Amino acid sequence: MTEEPEAGVDSLPIDVELISDVTDDVLKMELSTSTRKDIDFKTTRVVGLLSVLLAEDLGADADDEVLELFRRAYKLLELTNRPGRQTPSFTAFFFMRDVANLTRRLLWVYVERNGGVRQ
């Protein structure tokens, strides 16, 4: 019997449609109608999607613009930069939007590098 290799971050499929839908949903949110619970939930979701894209080889070693996106993403995701429970809702909201925007930009790079194919 052959053992299947353990699934790691590198073997995760990138669902372009899902990431696009989630980031669209986040970017359509309005601060005035969003609860903190919704903001926190969607922030966790887009942070996870951004992390999946950061695990992909998007050519950052050969493309300064992509490298800058990676730098911004890692800086944004540092624990000291993330909103906590005491962070005002508007600050958490704009953090969520920043993560969603950066996720979309890296998704665009992913699609360009992979021909838009859902893996």
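Here's a quick rundown of the structure.

Quick notes on the rules
Residues numbered from 1 in each chain as written. Predicted model: local features only at pLDDT ≥ 70, side-chain atom pairs only at ≥ 80, totals over all residues. Heavy atoms only, no water. Helix = DSSP H or I, 4+ residues; strand = E, 2+ residues; numbered from the N terminus. Buried < 20%, exposed > 50% of the residue type's maximum accessible area, 1.4 Å probe, protein only. Contact = heavy atoms within 4.5 Å. Areas by Shrake-Rupley, 256 points an atom, 1.4 Å probe, with all protein chains shown as cover. Axes fitted to C-alpha atoms, helices over the stretch in contact; angles between N-to-C directions. Parallel < 35°, antiparallel > 145°, perpendicular 65-115°, else oblique. Left-handed = near helix turned anticlockwise from the far one by under 90°. Nonpolar A, V, L, I, M, F, W, Y, C, P; charged D, E, K, R; others polar.

### Observations concerning the overall build of the protein chain
Along its length, the protein chain carries four helices and zero strands. N-terminal to C-terminal, the α/β element order of the protein chain is α-α-α-α. Looking at the 119 residues of the protein chain, the share that counts as buried comes to 34%. Considering only contacts in the protein chain between residues 6 or more positions apart, those separated by 24 or more positions represent 76%. Carbon and sulfur atoms make up 51% of the accessible area of the protein chain, which amounts to about 8000 Å² in all.

### Looking at the packing of helix α2 (residues 36–54) against helix α4 (residues 89–114)
Closest axis-to-axis distance for the α2/α4 pair is 9 Å, and the angle between their directions is 30°. With respect to α4, the element α2 is oriented roughly parallel. Crossing handedness for the pair α2 and α4: left-handed. Taken together, the residues of α4 that come into contact with α2 (itself represented by Arg36, Ile39, Lys42, Thr43, Val46, Val47, Leu49, Leu50, Leu53 and Leu54) are Ser89, Ala92, Phe93, Phe95, Met96, Val99, Ala100, Leu102, Thr103, Leu106, Leu107 and Tyr110. Across the contact of α2 with α4, the residue classes break down as 17 nonpolar, three polar and two charged.

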